[in-house]
Structures are given as C-alpha cells and as structure tokens.
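Inside the fold
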Amino acid sequence: MNMAQTFAPARAVAQHCAELTERGPRPEERAETIASWRRDIGRALAEEFAGLLSGGQINVTISEPEWQTGEEIFHCIGPIAANSLLRCGLGSQTLLLSFDYDTAIALTDRSFGGDGSHSGDVVESLPRSAALLIDQASTLVAQAIASASQNGTSEVPKGDVIVRSESATRLKPFGPQTPCALFTVVFAEGERAPWTGLLAISAEQLDGLLPGLDAGGSKLKPDGSVKSGEQAFGAIPLPLKAVLAEFDLSLSKLEKLAPGDEIPISVSRDIPLRLGSRVIAHGSAGTQEDRMALCLTRTTALPRTSSNTGAERLQS
C-alpha cells in the first residue's frame, strides 16, 4: 500500500510584517540608552557652563527620569519660573527647561564672579541680567541635547530656544495627561551649594531623541530601502506641513495683538517639510500652475528611489 500523500494547506499561511514580529528594546536596554544619553549631555554641559560661570570647574549630572503626567510636572514647577521651550534634534522634538527664580539669580551672581549662593527669598520678577543669563544657559542645554541625540547621520542636529515664559502651562510643551519624563539637572562647583533645573519631555518624543531608539522614524534596511512589510501601509494618507516662516515674538507683544496688526515675516530659502514634529525634507518656495508649490532640495528621513529623478515638486 502506498502511504505517500500530498496535503494542501487548508488556508493561506499568515505573513506578518517585520514591525509586528520584531521586538522593541527591552526595558533594561532602554534604561541603558537613557543613562548613556544623560551622561553625554552632562559632560557637554560641564564644559560649556565652565565658561558661562566665570571659568569654574562645573560638574553636571542629570537624574534618572521620573515618569509623571504633564499636570504633575506643571504643579512641580509652580505658577512662576524661568521656563524655556527647547527644540532639539533632527526631528525638532520639544522639551521644557525650567529654573526657579532664586536659582536663576544665583547663577547670574556666579557668572559675575560672586559666590552664587541661594538667598531663599521669594522673587516675583526676574532681573534683566538674570533673564539674559537663563537665555544663554537654555541655548547651551538645547545644543548639548541635540549633540547627544545624533543618530549617526551626517546632518548636524539643531538645538535652540523657541520661546520663553514665566508660565510653563502657557508654553504648552505637552498636555496635562500626557505621560512625560522629568529629569533633574544638577550643576555643582566644589563645596558650593548646587544649582538645579528641571528638564521635561513627553515619553513619545523622548524616544525620538535617544540614539538608536527613533520610534517615530522610518525603519530602513542598511541599503536605504524600505522593508517589504511597510508596503501595505504605503497608501495611508499622512498630513504634511510646509513651514514658510517662524519668528520670535515677546510675550508682551503677543498679549497686545489685535485685528489689523501687521507682522513682517521673511520666507526662508530652506523651508522645512514636517510630518508631525519630524522634519522629513527641505525645499524652496515656488509656483506650479498658478498654485504655490514646494520644490524639494533634500530629504532627511524618507528614502529616495531610482524613479526619483530631478527635483520633486509637492504642491502645498
């Protein structure tokens, strides 16, 4: 008797894309990445703040993250503080940096050669000199974070200050119920009392800053091509924004804006094209068939295929 038989499958075997089957980093791997990221930022800030604070030898440490909601962080900062909204990394992630007024004044005193001691007094307004010092310090922090967040790309990540306010909630860095990571930044110099600041970022945007954990970016093969598992999602429409101009406006002028006011702006020659908070391309403004258009000059996140020849045009 011939027992050999051919069996056909009752149904097609399921094929899962790599994004569903591949695991993300284990908690201990993610914690190690955050620890390394914190050390890199601390080393960069120690060097930069040495020059800012009268050449003293500064030691900067950044605590492990405390996971809180946005509302809890706003309560921790309080109604009045020296708050700055930072923009860091290739994805233009936003972070909140905050110093209480007493610390801001103490840092300013140290920068002018004083002992930088804390007075402990309740201060209702920040002197002009302290406001300028915090502006410089915030820029240094933003640049240090951007440098530590570089994911091995040739493009230099940016770090700058978008806007400042005494009210953290007015800056709207994240929603009240948004899960966030809160870091305490400690600046120490010898036997002096340390100065501390708070750094907060939403958990979602934090992954975009951690080297090797850019959860929001495209998963690419080493040769730059898209994994086949993503092709099924290729038809999903995504909202893109072409930011023609960005400018700073003081809070006092912002509160006085009224219909009819004119605000002069200048359109940059290098306009960012954004997918959410992530910059995916840059281009120059132009027209196409009586409509405004964006001529792409370079891409930063999405791969270019062999069919992309010449300058691509995307109508705004």
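Refer to the preceding data block for the structure.
An account of the accompanying structure is given in this report. What you see is a predicted model, and the numbers here were worked out from it, not measured in a lab.

1. Overview of the packing of helix 2 (residues 27–52) against helix 5 (residues 128–148)
Contact geometry of helix 2 with helix 5 gives a least axis separation of 9 Å together with a crossing angle of 145°. The chirality of how helix 2 crosses helix 5 is right-handed. Residue-level contacts link Trp 37, Asp 40, Ile 41, Ala 44, Leu 45, Glu 48, Phe 49 and Leu 52 of helix 2 to Leu 133, Gln 136, Ala 137, Leu 140, Val 141, Ala 144, Ile 145 and Ala 148 of helix 5. Looking at the contact of helix 2 with helix 5, its residues break down into 13 nonpolar, one polar and two charged.

2. Concerning the packing of aromatic side chains
Under the counting rule described, the total for this entry stands at four aromatic pairs. On the numbers, 5.3 Å between centres and 20° between planes, the contact of Phe 74 with Phe 174 is stacked. Placement of the pair is Phe 74 in helix 3 (residues 70–77) and Phe 174 in the loop between helix 6 (168–171) and strand 6 (179–188), with a sequence separation of 100 residues. Like Phe 174, Phe 74 is buried. By way of ring pairs, the aromatic residues Phe 49, Phe 99 and Phe 187 are connected into one cluster.

3. Here we look at the pattern of salt bridges
Pairing is possible between side chains of opposite charge, provided their charged atoms come close. This model, assessed by the stated rule, comprises seven salt bridges. For the salt bridge of Arg 110 with Glu 189, the shortest nitrogen-to-oxygen distance reads 2.8 Å. Here Arg 110, found in helix 4 (residues 101–111), pairs with Glu 189, found in the loop between strand 6 and strand 7 (195–202); they are 79 residues apart in sequence, far enough to count as distant. Each of the two residues, Arg 110 as well as Glu 189, counts as buried.

4. Quick word on helix 4
Given 3.6 residues to a turn, an α-helix orients residues that are three or four positions apart in the same direction. Counting buried residues in helix 4 gives eight out of eleven residues, a clear majority hidden from the surface. For helix 4, the complete set of buried residues consists of Tyr 101, Asp 102, Thr 103, Ala 104, Ala 106, Leu 107, Thr 108 and Arg 110. Those residues of helix 4 that are buried are in contact with strand 3 (82–88), strand 4 (93–99), helix 5 and strand 7. Where helix 4 begins, one side-chain oxygen reaches toward the backbone nitrogen of Asp 102, 3.1 Å away; that side chain belongs to Asp 100. Where helix 4 ends, the next residue or the one after it, Gly 113, has phi of about 95°, a positive value.

5. Considerations on helix 2
In this model, helix 2 (26 residues) spans 37 Å end to end at C-alpha, consistent with the 38 Å of a helix rising 1.5 Å per residue. Those residues of helix 2 not exposed but buried are Arg 30, Ile 34, Ala 35, Trp 37, Arg 38, Ile 41, Gly 42, Leu 45, Ala 46, Phe 49, Ala 50 and Leu 52. In this structure, the buried residues of helix 2 make contact with strand 1 (59–62), strand 2 (66–69), helix 4, helix 5, strand 6 and helix 7 (203–209). Ser 54 sits one or two positions beyond helix 2 and adopts a positive phi of about 60°.

6. Re the nonpolar core
Membership of the largest hydrophobic core comes to 42 residues, with the highest contact counts inside it found for Trp 37, Phe 49, Leu 86, Ile 145 and Phe 183. Of the residues forming this core, the biggest block, ten residues, is contributed by helix 5. Contact partners of Phe 183, with chain neighbours within four places excluded, come to Ile 34, Trp 37, Arg 38, Ile 62, Ser 63, Glu 64, Pro 65, Gly 197, Leu 198, Leu 199, Ile 201 and Leu 206. Residues Phe 74, Ile 77, Leu 182 and Leu 198 belong to the second largest nonpolar core, which totals 13 residues.

7. A word on a nonpolar patch on the surface
On the surface, Phe 247, Leu 254, Leu 257, Ile 263 and Ile 265 cluster together into a nonpolar patch covering about 460 Å² of accessible area. Relative to the assigned elements, Leu 254 resides in helix 8 (residues 251–255).

About the criteria used
- Residues numbered from 1 in each chain as written.
- Predicted model: local features only at pLDDT ≥ 70, side-chain atom pairs only at ≥ 80, totals over all residues.
- Heavy atoms only, no water.
- Axes fitted to C-alpha atoms, helices over the stretch in contact; angles between N-to-C directions.
- Helix = DSSP H or I, 4+ residues; strand = E, 2+ residues; numbered from the N terminus.
- Left-handed = near helix turned anticlockwise from the far one by under 90°.
- Contact = heavy atoms within 4.5 Å.
- Nonpolar A, V, L, I, M, F, W, Y, C, P; charged D, E, K, R; others polar.
- Phe/Tyr/Trp six-rings, centres within 6.5 Å; stacked < 30°, edge-to-face > 60°.
- Buried < 20%, exposed > 50% of the residue type's maximum accessible area, 1.4 Å probe, protein only.
- Salt bridge = Lys/Arg side-chain N within 4 Å of Asp/Glu carboxyl O.
- Polar contact = N/O pair within 3.5 Å; in protein donor to acceptor, adjacent residues only side chain to side chain.
- Expected span 1.5 Å × (residues − 1).
- Core = buried A, V, L, I, M, F, W, Y, C linked by side-chain atoms within 4.5 Å.
- Patch = residues over 30% accessible without salt bridge, like charges linked within 9 Å, V, L, I, M, F, W, Y side chains within 5 Å.
- Areas by Shrake-Rupley, 256 points an atom, 1.4 Å probe, with all protein chains shown as cover.

Remember, this is a structural readout, not a statement about activity or role.
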